[in-house]
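Structural features, examined
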Amino acid sequence: RSALDRTLLPGIEQAEWQALAVAGPNIWVAGSPGNLLLHSHDDGETWSVSRTGIEGTISSLAFVEGGRGWAVGSLGRIHVTDDGGFT
């Protein structure tokens, strides 16, 4: 059984997950396409999907407790969030 409800995101098998960040029980995963961010708040037991609005690829993620995070994307773009990647 998968912890991610695949009906939330048809075609998720085609995504290339290449960026990972962990802060406490929170886990974030991103890659290509960069407009998708997977997040677990319970050590990977369950997952949610967020649409980031980022075009291209996310190659690196960093998060700290409280939801502050950074994503490095295509062409050296750096994106910042204060709410765990929801915006």
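Use the structure listed above.
All values derive from a computational prediction rather than experimental measurement. Here the residue index of a chain counts from 1 through its sequence in written order. Only residues with pLDDT of at least 70 get local features here, since the model is predicted, and only at 80 or more are side-chain atom pairs given and counted; chain-wide, interface and lining totals rely on the full set of residues. Heavy atoms from the whole structure form the basis of all side-chain values; hydrogens and water molecules are not counted.

Attention now moves to the layout of surface pockets. Looking at the largest pocket, its volume works out to about 180 Å³. Helix and strand definitions here come from DSSP, where helices need a minimum of 4 consecutive H or I residues and strands a minimum of 2 consecutive E residues; each element is numbered from the N-terminal end. If you list the elements that add at least two residues to the lining of the largest pocket, you get strand S5 (58–63), strand S6 (69–73) and strand S7 (78–81). For this scheme, ten residues count as nonpolar: Ala, Val, Leu, Ile, Met, Phe, Trp, Tyr, Cys and Pro. Four count as charged, namely Asp, Glu, Lys and Arg, and the remainder, Gly too, count as polar. Taken together, the residues of the lining of the largest pocket sort by class into eight nonpolar, six polar and no charged. Points on a 1 Å grid over protein atoms alone make up a cavity when a 1.4 Å probe fits among them but cannot get out, and a pocket when they form an open set with protein on both sides within 12 Å along at least five of seven lines; lining residues each have an atom within 4 Å of a point. Grid points are joined across faces, edges and corners, and a volume is the space filled by probe spheres set on the points.

For the rest of this paragraph, the subject is the side chain of His-39. Looking at the element boundaries, His-39 is found in strand S3 (residues 36–40). As used in this structure description, the phrase polar contact means that two N or O atoms lie within 3.5 Å; if the pair is within protein, one of them must be able to donate a hydrogen and the other to accept it, and residues adjacent in sequence are counted only when both atoms belong to side chains. At 2.9 Å, the side chain of His-39 forms a polar contact with the side chain of Asn-26. Setting aside its immediate chain neighbours within four residues, His-39 contacts Asn-26, Ile-27, Trp-28, Thr-46, Trp-47 and Ser-48. Whether two residues are in contact is decided by their heavy atoms, any of which lying within 4.5 Å being enough.

Along the chain, Ser-40 turns up in strand S3. Partly exposed describes any residue whose relative accessible area lies between the buried limit of under 20% and the exposed limit of over 50%, with all areas from a 1.4 Å probe on protein chains only and scaled to the type maximum. On the basis of relative accessibility, which here comes to 0%, the residue Ser-40 falls in the buried class. A distance of 2.9 Å separates the side chain of Ser-40 from the side chain of Asp-42, its partner in a polar contact. Of note is the side chain of Ser-40, whose polar atom sits 2.8 Å from the backbone oxygen of Thr-46.

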